[in-house]
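In case you want the letters, here they are:
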Protein chains: 2
Amino acid sequence: MAMVEKYGRKPAEQGSRRSEGFVLWMTGLPGSGKTTLALILEEMLEKNFGRYAEVLDGDEFRKGISRDLGLSKEDRQEHAHRVSYVGKLLAKNGVIGIVALISPYKKSREEAREVIGKDRFVEVYVKASLATCEKRDPKGLYKKARKGEITNMTGIQDPYEVPESPDILVDTEASDPEGSSKMIIERLVELGYLPRAHGRISA
Amino acid sequence: MAMVEKYGRKPAEQGSRRSEGFVLWMTGLPGSGKTTLALILEEMLEKNFGRYAEVLDGDEFRKGISRDLGLSKEDRQEHAHRVSYVGKLLAKNGVIGIVALISPYKKSREEAREVIGKDRFVEVYVKASLATCEKRDPKGLYKKARKGEITNMTGIQDPYEVPESPDILVDTEASDPEGSSKMIIERLVELGYLPRAHGRISA
(Lines give C-alpha, C1' and ligand atoms only; values in the text may rest on other atoms or scores of the structure.)
Protein backbone atom coordinates (compact mmCIF):
# COMPACT_ATOMS: atom_id res chain seq x y z
CA MET A 1 0.00 0.00 0.00
CA ALA A 2 2.95 2.30 -0.57
CA MET A 3 0.96 4.18 -3.20
CA VAL A 4 -1.41 5.50 -0.61
CA GLU A 5 1.46 7.20 1.12
CA LYS A 6 2.95 8.45 -2.09
CA TYR A 7 -0.27 10.03 -3.29
CA GLY A 8 -1.89 10.66 0.05
CA ARG A 9 -4.84 12.93 0.47
CA LYS A 10 -4.53 16.39 -0.88
CA PRO A 11 -5.85 19.27 1.15
CA ALA A 12 -9.53 19.95 0.58
CA GLU A 13 -8.84 23.60 -0.13
CA GLN A 14 -6.57 23.05 -3.09
CA GLY A 15 -9.06 23.96 -5.80
CA SER A 16 -10.54 27.40 -5.82
CA ARG A 17 -14.11 26.29 -6.39
CA ARG A 18 -13.90 23.85 -3.55
CA SER A 19 -13.20 26.59 -1.08
CA GLU A 20 -16.54 28.20 -1.91
CA GLY A 21 -18.72 25.44 -0.52
CA PHE A 22 -20.50 25.88 2.78
CA VAL A 23 -23.46 24.59 4.73
CA LEU A 24 -26.48 26.66 5.60
CA TRP A 25 -27.84 24.91 8.65
CA MET A 26 -31.45 25.88 9.17
CA THR A 27 -32.84 24.99 12.57
CA GLY A 28 -36.31 25.70 13.93
CA LEU A 29 -39.57 24.26 15.17
CA PRO A 30 -41.62 22.01 12.88
CA GLY A 31 -43.66 24.36 10.70
CA SER A 32 -41.29 27.29 11.12
CA GLY A 33 -40.60 27.30 7.39
CA LYS A 34 -37.23 25.56 7.01
CA THR A 35 -38.04 23.43 3.97
CA THR A 36 -39.95 26.23 2.28
CA LEU A 37 -37.00 28.60 2.64
CA ALA A 38 -34.52 25.90 1.64
CA LEU A 39 -36.24 25.31 -1.69
CA ILE A 40 -36.51 29.03 -2.45
CA LEU A 41 -32.86 29.54 -1.52
CA GLU A 42 -31.77 26.66 -3.74
CA GLU A 43 -33.39 28.39 -6.69
CA MET A 44 -32.17 31.89 -5.79
CA LEU A 45 -28.59 30.69 -5.44
CA GLU A 46 -28.59 29.20 -8.90
CA LYS A 47 -30.44 32.08 -10.53
CA ASN A 48 -28.49 34.92 -8.95
CA PHE A 49 -25.08 33.41 -8.31
CA GLY A 50 -24.87 30.42 -10.62
CA ARG A 51 -24.26 28.21 -7.63
CA TYR A 52 -25.43 24.66 -7.07
CA ALA A 53 -27.11 23.93 -3.80
CA GLU A 54 -28.39 20.66 -2.44
CA VAL A 55 -31.25 20.67 0.03
CA LEU A 56 -30.68 18.18 2.81
CA ASP A 57 -34.16 17.91 4.19
CA GLY A 58 -34.49 16.10 7.50
CA ASP A 59 -37.60 14.19 6.49
CA GLU A 60 -36.18 13.18 3.10
CA PHE A 61 -32.96 12.15 4.74
CA ARG A 62 -34.86 9.84 7.07
CA LYS A 63 -35.99 7.87 4.04
CA GLY A 64 -32.40 7.50 2.81
CA ILE A 65 -29.51 7.44 5.23
CA SER A 66 -31.40 7.58 8.51
CA ARG A 67 -34.17 5.09 7.85
CA ASP A 68 -33.14 3.15 10.96
CA LEU A 69 -33.52 6.13 13.30
CA GLY A 70 -36.46 7.24 15.42
CA LEU A 71 -37.20 10.43 17.32
CA SER A 72 -35.50 9.80 20.65
CA LYS A 73 -32.92 12.34 21.75
CA GLU A 74 -30.15 9.90 20.90
CA ASP A 75 -31.56 9.15 17.47
CA ARG A 76 -32.11 12.81 16.68
CA GLN A 77 -28.50 13.49 17.54
CA GLU A 78 -27.26 10.64 15.39
CA HIS A 79 -29.49 11.88 12.58
CA ALA A 80 -27.99 15.37 12.83
CA HIS A 81 -24.52 13.84 12.89
CA ARG A 82 -25.11 12.02 9.60
CA VAL A 83 -26.60 15.08 7.96
CA SER A 84 -23.59 17.12 9.05
CA TYR A 85 -21.23 14.54 7.63
CA VAL A 86 -22.94 14.65 4.22
CA GLY A 87 -23.05 18.44 4.38
CA LYS A 88 -19.30 18.46 4.93
CA LEU A 89 -18.69 16.28 1.86
CA LEU A 90 -20.81 18.54 -0.32
CA ALA A 91 -19.28 21.75 1.02
CA LYS A 92 -15.71 20.60 0.54
CA ASN A 93 -16.55 19.94 -3.11
CA GLY A 94 -17.85 23.41 -3.76
CA VAL A 95 -21.54 22.66 -3.31
CA ILE A 96 -23.77 24.65 -0.96
CA GLY A 97 -25.56 22.31 1.41
CA ILE A 98 -28.86 23.67 2.67
CA VAL A 99 -29.88 21.70 5.72
CA ALA A 100 -33.51 21.88 6.78
CA LEU A 101 -33.54 20.05 10.06
CA ILE A 102 -35.33 20.74 13.35
CA SER A 103 -32.04 19.92 15.13
CA PRO A 104 -33.52 20.85 18.50
CA TYR A 105 -30.40 20.22 20.55
CA LYS A 106 -27.69 22.80 20.93
CA LYS A 107 -25.14 20.02 21.30
CA SER A 108 -26.03 18.60 17.87
CA ARG A 109 -25.64 21.96 16.21
CA GLU A 110 -22.30 22.49 17.89
CA GLU A 111 -21.16 19.08 16.71
CA ALA A 112 -22.30 19.91 13.19
CA ARG A 113 -20.23 23.07 13.30
CA GLU A 114 -17.23 20.99 14.31
CA VAL A 115 -17.75 18.27 11.71
CA ILE A 116 -18.30 20.74 8.88
CA GLY A 117 -15.71 23.23 10.08
CA LYS A 118 -16.56 26.62 11.50
CA ASP A 119 -15.54 28.49 8.35
CA ARG A 120 -18.07 26.56 6.31
CA PHE A 121 -20.94 26.40 8.78
CA VAL A 122 -23.67 29.02 8.87
CA GLU A 123 -26.35 28.54 11.50
CA VAL A 124 -29.72 29.99 10.53
CA TYR A 125 -32.39 30.17 13.17
CA VAL A 126 -35.77 30.03 11.44
CA LYS A 127 -37.90 31.66 14.07
CA ALA A 128 -41.66 31.40 14.53
CA SER A 129 -43.67 31.06 17.71
CA LEU A 130 -45.02 27.68 18.69
CA ALA A 131 -48.55 29.07 18.35
CA THR A 132 -47.91 30.10 14.74
CA CYS A 133 -46.19 26.82 13.84
CA GLU A 134 -49.08 24.90 15.36
CA LYS A 135 -51.57 26.97 13.39
CA ARG A 136 -49.64 26.34 10.13
CA ASP A 137 -49.19 22.62 10.94
CA PRO A 138 -48.23 21.79 7.33
CA LYS A 139 -47.94 18.06 7.98
CA GLY A 140 -50.69 17.72 10.58
CA LEU A 141 -48.13 16.63 13.15
CA TYR A 142 -49.09 19.09 15.87
CA LYS A 143 -52.66 17.85 15.68
CA LYS A 144 -51.46 14.28 16.03
CA ALA A 145 -49.22 15.24 18.93
CA ARG A 146 -52.08 16.98 20.76
CA LYS A 147 -54.10 13.80 20.34
CA GLY A 148 -51.22 11.79 21.72
CA GLU A 149 -50.70 9.92 18.45
CA ILE A 150 -47.16 11.28 18.31
CA THR A 151 -45.22 11.39 21.54
CA ASN A 152 -41.88 12.92 20.55
CA MET A 153 -43.07 16.11 18.90
CA THR A 154 -40.60 18.95 19.22
CA GLY A 155 -42.30 21.92 20.83
CA ILE A 156 -45.00 19.79 22.45
CA GLN A 157 -43.41 16.86 24.27
CA ASP A 158 -39.79 17.32 23.21
CA PRO A 159 -37.69 20.43 23.88
CA TYR A 160 -36.41 22.90 21.31
CA GLU A 161 -33.26 24.64 22.47
CA VAL A 162 -33.33 28.11 20.94
CA PRO A 163 -30.01 29.10 19.30
CA GLU A 164 -28.29 31.69 21.44
CA SER A 165 -26.18 33.35 18.79
CA PRO A 166 -27.11 32.09 15.33
CA ASP A 167 -25.18 33.50 12.37
CA ILE A 168 -28.48 34.48 10.79
CA LEU A 169 -31.95 34.87 12.28
CA VAL A 170 -35.10 35.07 10.18
CA ASP A 171 -38.51 35.62 11.67
CA THR A 172 -41.01 33.93 9.36
CA GLU A 173 -43.90 35.59 11.14
CA ALA A 174 -42.53 39.01 10.31
CA SER A 175 -41.68 38.43 6.65
CA ASP A 176 -42.94 36.20 3.85
CA PRO A 177 -40.86 33.33 2.46
CA GLU A 178 -39.35 35.37 -0.39
CA GLY A 179 -38.48 38.22 1.97
CA SER A 180 -36.91 35.85 4.49
CA SER A 181 -34.92 34.14 1.76
CA LYS A 182 -33.62 37.43 0.40
CA MET A 183 -32.58 38.43 3.89
CA ILE A 184 -30.59 35.23 4.26
CA ILE A 185 -28.89 35.81 0.91
CA GLU A 186 -28.02 39.39 1.82
CA ARG A 187 -26.56 38.23 5.10
CA LEU A 188 -24.51 35.57 3.29
CA VAL A 189 -23.10 38.30 1.08
CA GLU A 190 -22.24 40.39 4.15
CA LEU A 191 -20.56 37.39 5.76
CA GLY A 192 -18.47 36.87 2.63
CA TYR A 193 -19.95 33.51 1.62
CA LEU A 194 -21.35 34.96 -1.59
CA PRO A 195 -20.01 37.71 -3.82
CA ARG A 196 -21.84 41.02 -4.05
CA ALA A 197 -24.49 40.51 -6.75
CA HIS A 198 -24.41 42.66 -9.85
CA GLY A 199 -28.06 43.54 -9.71
CA ARG A 200 -31.06 43.12 -7.49
CA ILE A 201 -31.53 39.68 -6.04
CA SER A 202 -34.60 38.11 -7.56
CA ALA A 203 -36.70 35.27 -6.27
CA MET B 1 -46.62 25.82 2.57
CA ALA B 2 -47.83 26.95 -0.83
CA MET B 3 -44.33 28.20 -1.65
CA VAL B 4 -43.00 24.68 -1.78
CA GLU B 5 -45.38 23.89 -4.59
CA LYS B 6 -44.71 27.13 -6.38
CA TYR B 7 -40.95 26.63 -6.37
CA GLY B 8 -40.84 22.89 -6.25
CA ARG B 9 -37.75 20.87 -6.94
CA LYS B 10 -36.03 21.48 -10.18
CA PRO B 11 -34.72 18.54 -12.15
CA ALA B 12 -31.25 17.49 -11.14
CA GLU B 13 -30.07 17.66 -14.72
CA GLN B 14 -30.83 21.30 -15.26
CA GLY B 15 -27.25 22.60 -15.04
CA SER B 16 -24.71 21.34 -17.49
CA ARG B 17 -22.00 20.66 -14.93
CA ARG B 18 -24.40 18.69 -12.81
CA SER B 19 -24.93 16.18 -15.54
CA GLU B 20 -21.24 15.31 -15.49
CA GLY B 21 -21.21 13.77 -12.03
CA PHE B 22 -21.04 10.04 -11.62
CA VAL B 23 -20.02 7.38 -9.15
CA LEU B 24 -17.15 5.00 -9.66
CA TRP B 25 -18.11 2.06 -7.48
CA MET B 26 -15.03 -0.03 -6.76
CA THR B 27 -15.78 -3.44 -5.34
CA GLY B 28 -13.31 -6.16 -4.45
CA LEU B 29 -11.80 -8.27 -1.72
CA PRO B 30 -10.02 -6.62 1.22
CA GLY B 31 -6.49 -5.93 0.00
CA SER B 32 -7.43 -5.95 -3.69
CA GLY B 33 -6.33 -2.31 -4.00
CA LYS B 34 -9.57 -0.31 -3.94
CA THR B 35 -8.39 2.50 -1.67
CA THR B 36 -5.00 2.73 -3.36
CA LEU B 37 -6.61 3.10 -6.78
CA ALA B 38 -9.23 5.52 -5.44
CA LEU B 39 -6.59 7.93 -4.17
CA ILE B 40 -4.59 7.78 -7.39
CA LEU B 41 -7.73 8.28 -9.46
CA GLU B 42 -8.77 11.26 -7.37
CA GLU B 43 -5.48 12.93 -8.22
CA MET B 44 -5.49 11.91 -11.88
CA LEU B 45 -9.00 13.25 -12.38
CA GLU B 46 -8.06 16.65 -11.05
CA LYS B 47 -4.71 16.80 -12.82
CA ASN B 48 -5.86 15.61 -16.23
CA PHE B 49 -9.49 16.67 -16.38
CA GLY B 50 -9.82 19.43 -13.80
CA ARG B 51 -12.51 17.39 -12.09
CA TYR B 52 -13.22 17.15 -8.40
CA ALA B 53 -13.59 13.70 -6.98
CA GLU B 54 -14.44 12.62 -3.48
CA VAL B 55 -13.23 9.29 -2.20
CA LEU B 56 -15.90 7.50 -0.22
CA ASP B 57 -13.82 4.95 1.58
CA GLY B 58 -15.74 2.22 3.35
CA ASP B 59 -13.53 2.28 6.42
CA GLU B 60 -13.58 6.06 6.71
CA PHE B 61 -17.31 6.06 6.21
CA ARG B 62 -17.73 3.69 9.11
CA LYS B 63 -16.26 6.35 11.38
CA GLY B 64 -18.75 8.93 10.12
CA ILE B 65 -22.17 7.92 8.90
CA SER B 66 -22.05 4.20 9.64
CA ARG B 67 -20.51 4.20 13.07
CA ASP B 68 -23.47 2.19 14.36
CA LEU B 69 -22.99 -0.65 11.88
CA GLY B 70 -21.12 -3.93 12.19
CA LEU B 71 -20.11 -6.55 9.65
CA SER B 72 -23.20 -8.74 9.48
CA LYS B 73 -24.76 -9.21 6.07
CA GLU B 74 -27.60 -6.88 7.02
CA ASP B 75 -25.23 -4.20 8.30
CA ARG B 76 -22.99 -4.42 5.27
CA GLN B 77 -26.01 -3.90 3.06
CA GLU B 78 -27.21 -0.92 5.07
CA HIS B 79 -23.66 0.47 4.93
CA ALA B 80 -23.61 0.14 1.14
CA HIS B 81 -27.03 1.76 0.98
CA ARG B 82 -25.82 4.83 2.86
CA VAL B 83 -22.68 5.11 0.77
CA SER B 84 -24.78 4.93 -2.39
CA TYR B 85 -27.07 7.65 -1.11
CA VAL B 86 -24.15 9.99 -0.47
CA GLY B 87 -22.65 9.07 -3.82
CA LYS B 88 -25.89 10.05 -5.49
CA LEU B 89 -25.89 13.48 -3.82
CA LEU B 90 -22.33 14.14 -4.91
CA ALA B 91 -22.89 12.92 -8.46
CA LYS B 92 -26.00 14.97 -9.02
CA ASN B 93 -23.99 18.04 -8.07
CA GLY B 94 -21.29 17.42 -10.61
CA VAL B 95 -18.80 15.72 -8.31
CA ILE B 96 -17.24 12.34 -9.08
CA GLY B 97 -17.78 9.97 -6.18
CA ILE B 98 -15.13 7.27 -5.94
CA VAL B 99 -16.44 4.52 -3.72
CA ALA B 100 -13.91 2.09 -2.28
CA LEU B 101 -16.06 -0.50 -0.61
CA ILE B 102 -15.79 -4.28 -0.43
CA SER B 103 -19.56 -4.43 -1.14
CA PRO B 104 -19.49 -8.22 -1.33
CA TYR B 105 -23.17 -8.70 -2.14
CA LYS B 106 -24.50 -8.46 -5.64
CA LYS B 107 -27.81 -7.24 -4.27
CA SER B 108 -26.14 -4.23 -2.62
CA ARG B 109 -24.39 -3.26 -5.81
CA GLU B 110 -27.61 -3.55 -7.75
CA GLU B 111 -29.35 -1.36 -5.19
CA ALA B 112 -26.56 1.17 -5.45
CA ARG B 113 -27.02 1.27 -9.20
CA GLU B 114 -30.70 1.97 -8.65
CA VAL B 115 -30.20 4.63 -5.99
CA ILE B 116 -27.52 6.45 -7.96
CA GLY B 117 -29.17 5.91 -11.33
CA LYS B 118 -27.77 3.61 -14.00
CA ASP B 119 -26.47 6.48 -16.14
CA ARG B 120 -24.28 7.69 -13.29
CA PHE B 121 -23.12 4.38 -11.87
CA VAL B 122 -19.94 2.70 -13.01
CA GLU B 123 -19.12 -0.62 -11.40
CA VAL B 124 -15.42 -1.37 -11.22
CA TYR B 125 -14.35 -4.83 -10.18
CA VAL B 126 -10.93 -4.57 -8.58
CA LYS B 127 -9.75 -8.10 -9.08
CA ALA B 128 -7.02 -9.95 -7.21
CA SER B 129 -6.94 -13.53 -5.99
CA LEU B 130 -7.61 -14.27 -2.37
CA ALA B 131 -4.07 -15.65 -2.07
CA THR B 132 -2.59 -12.36 -3.27
CA CYS B 133 -4.87 -10.22 -1.10
CA GLU B 134 -3.97 -12.34 1.90
CA LYS B 135 -0.30 -11.97 1.13
CA ARG B 136 -0.64 -8.18 0.86
CA ASP B 137 -2.85 -7.99 3.97
CA PRO B 138 -2.36 -4.20 4.29
CA LYS B 139 -4.35 -3.95 7.52
CA GLY B 140 -3.40 -7.29 9.02
CA LEU B 141 -7.04 -8.37 8.89
CA TYR B 142 -6.48 -11.68 7.12
CA LYS B 143 -4.03 -12.66 9.80
CA LYS B 144 -6.56 -11.82 12.47
CA ALA B 145 -9.26 -13.73 10.63
CA ARG B 146 -7.07 -16.82 10.35
CA LYS B 147 -6.49 -16.63 14.09
CA GLY B 148 -10.22 -16.33 14.64
CA GLU B 149 -9.93 -12.82 16.07
CA ILE B 150 -12.20 -11.57 13.28
CA THR B 151 -15.15 -13.73 12.34
CA ASN B 152 -16.79 -11.81 9.50
CA MET B 153 -13.85 -11.44 7.16
CA THR B 154 -14.86 -11.29 3.52
CA GLY B 155 -13.01 -14.00 1.60
CA ILE B 156 -12.42 -16.10 4.70
CA GLN B 157 -15.65 -16.52 6.64
CA ASP B 158 -17.91 -14.23 4.61
CA PRO B 159 -18.68 -14.61 0.90
CA TYR B 160 -17.60 -12.28 -1.88
CA GLU B 161 -19.95 -12.42 -4.82
CA VAL B 162 -17.85 -11.75 -7.91
CA PRO B 163 -19.42 -9.16 -10.27
CA GLU B 164 -20.72 -10.91 -13.35
CA SER B 165 -20.60 -8.03 -15.79
CA PRO B 166 -18.80 -5.05 -14.25
CA ASP B 167 -18.50 -1.90 -16.36
CA ILE B 168 -14.75 -2.00 -15.79
CA LEU B 169 -12.46 -4.77 -14.59
CA VAL B 170 -8.92 -4.18 -13.39
CA ASP B 171 -6.63 -6.97 -12.38
CA THR B 172 -4.24 -5.57 -9.78
CA GLU B 173 -2.05 -8.64 -9.98
CA ALA B 174 -1.43 -8.02 -13.66
CA SER B 175 -0.73 -4.29 -13.52
CA ASP B 176 0.64 -1.84 -10.97
CA PRO B 177 -1.55 0.80 -9.30
CA GLU B 178 -0.71 3.54 -11.83
CA GLY B 179 -1.33 1.22 -14.75
CA SER B 180 -4.63 0.04 -13.31
CA SER B 181 -5.71 3.63 -12.67
CA LYS B 182 -4.86 4.71 -16.20
CA MET B 183 -6.84 1.80 -17.55
CA ILE B 184 -9.87 2.88 -15.55
CA ILE B 185 -9.54 6.45 -16.82
CA GLU B 186 -9.22 5.26 -20.42
CA ARG B 187 -12.30 3.12 -20.03
CA LEU B 188 -14.21 6.08 -18.55
CA VAL B 189 -13.28 8.09 -21.63
CA GLU B 190 -14.50 5.26 -23.87
CA LEU B 191 -17.76 5.07 -21.93
CA GLY B 192 -18.26 8.81 -22.40
CA TYR B 193 -17.95 9.78 -18.73
CA LEU B 194 -14.83 11.81 -19.40
CA PRO B 195 -13.84 13.81 -22.46
CA ARG B 196 -10.95 12.68 -24.62
CA ALA B 197 -7.86 14.14 -23.00
CA HIS B 198 -5.67 16.53 -24.95
CA GLY B 199 -2.45 14.77 -24.13
CA ARG B 200 -1.18 11.69 -22.41
CA ILE B 201 -2.84 10.86 -19.13
CA SER B 202 -0.32 11.30 -16.36
CA ALA B 203 -0.33 9.87 -12.86
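Here the structure is a predicted model, which is why all the values come from computation and not from measurement.

Considering the overall build of chain A
Looking only at helices and strands, one finds eight helices and five strands in chain A. Secondary structure of chain A in N-to-C order comes out as α-β-α-β-α-α-β-α-β-α-α-β-α. Buried residues in chain A amount to 46% of all 203 residues. A fraction of 75% describes how many contacts in chain A between residues 6 or more apart in sequence connect residues 24 or more apart.

Section: unusual backbone geometry
Backbone geometry at Ser103 of chain A places phi at a positive 35°, although glycine is not the residue there. Tracing the sequence through the fold places Ser103 of chain A in the loop between β3 (96–100) and α5 (106–116). In this structure Ser103 of chain A comes out as buried when scored by C-beta crowding, with 29 C-beta atoms within 10 Å. Phi at Asp137 of chain B is positive, roughly 35°, even though this residue is not glycine. Here Asp137 of chain B shows up in the loop between α6 (130–136) and α7 (141–146).

Details of helix α8 (residues 177–190) of chain B
Residue and element names in this part refer to chain B. In a regular helix each residue adds 1.5 Å, so 14 residues correspond to 20 Å; α8 covers 20 Å between its end C-alpha atoms and thus fits that length. Three or more residues of α8 are buried, namely Pro177, Ser180, Ser181, Lys182, Ile184, Ile185 and Leu188. Just past α8, the residue Gly192 takes up positive phi, approximately 90°.

Focus on the nonpolar core
The nonpolar side chains of a soluble globular protein tend to be buried with one another. In this structure, Leu24 and Ile98 of chain A together with Leu24 and Ile98 of chain B are the most contacted members of the largest nonpolar core, which totals 96 residues. Those residues in contact with Ile98 of chain B, other than ones at most four positions away along the chain, are Leu24, Met26, Ala38, Leu41, Glu42, Ala53, Glu54, Val55 and Leu56 of chain B.

Some words on the environment of Glu123 of chain B
All names here are of chain B. With respect to the element layout, Glu123 can be found in strand β4 (residues 121–127). When the 21 C-beta atoms within 10 Å are taken as the criterion, Glu123 is described as buried. Expressed as a C-alpha distance, the spacing of Glu123 and Trp25, which sit 98 residues apart in the sequence, is 4.9 Å. Excluding residues that lie within four positions of it along the chain, Glu123 makes contacts with Trp25, Thr27, Arg109, Pro163, Pro166 and Asp167.

Quick word on the sheet that holds strand β2 (residues 53–57) of chain A
All names here are of chain A. One open sheet accounts for five strands, arranged β2-β3-β1-β4-β5; its pairing is parallel. With partners counted over all chains shown, the strands left at the sheet margins are β2 and β5 (168–171), one partner each. Averaged over all pairs of adjacent strands, the angle between strand axes in this sheet comes to 20°, irrespective of strand direction. Sheet topology places strand β1 (residues 22–27) next to β3; five bridges connect them, and they run parallel. Of the residues in β3, the one forming a bridge with Val23 is Gly97.

A word on the sheet that holds β4 of chain B
Residues and elements named next belong to chain B. Spatial strand order, β2-β3-β1-β4-β5: five strands in an open sheet with parallel pairing. Of all the strands in the sheet, just β2 (53–57) and β5 (168–171) have a single pairing partner and so form its edges. Direction aside, neighbouring strands of the sheet carry axes that sit 20° apart on average. Alignment of strand β1 (residues 22–27) against β4, held across five bridges, turns out to be parallel. Bridge pairing in β4 links Leu24 to Val122. Contacting β1, β2, β3 (96–100) and β4, helix α2 (residues 34–49) crosses the sheet at an angle of about 170° to β2.

Quick word on the confidence of the model for chain A
Residue and element names in this part refer to chain A. On average, residues of chain A score 89 in pLDDT, and 89% of them are at 70 or above. Counting interchain partners and residues more than four positions distant, the pLDDT-below-50 stretch residues 1–17 has 19 contacts. The ipTM, which scores confidence in the relative placement of chains, is 0.82 for this predicted complex, and the corresponding pTM is 0.85.

Structural notes on the pairing of β2 of chain B
All names here are of chain B. For β2, the buried fraction is high: five of the five residues fall into the buried class. Here β2 shows two buried faces, one formed by Ala53, Val55 and Asp57 and the other by Glu54 and Leu56. Alignment of β2 against β3, held across five bridges, turns out to be parallel. Bridge pairing in β3 links Leu56 to Val99.

So, how was this worked out
- Residues numbered from 1 in each chain as written.
- Chains lettered and ligands numbered in written order.
- Predicted model: local features only at pLDDT ≥ 70, side-chain atom pairs only at ≥ 80, totals over all residues.
- Helix = DSSP H or I, 4+ residues; strand = E, 2+ residues; numbered from the N terminus.
- Buried ≥ 20, exposed ≤ 12 C-beta atoms within 10 Å, placed from the backbone.
- Contact = placed C-beta atoms within 7 Å.
- Expected span 1.5 Å × (residues − 1).
- Core = buried A, V, L, I, M, F, W, Y, C linked by C-beta atoms within 7 Å.
- Pairing = 2+ DSSP bridges.
- Axes fitted to C-alpha atoms, helices over the stretch in contact; angles between N-to-C directions.
- pLDDT = per-residue confidence, 0-100.

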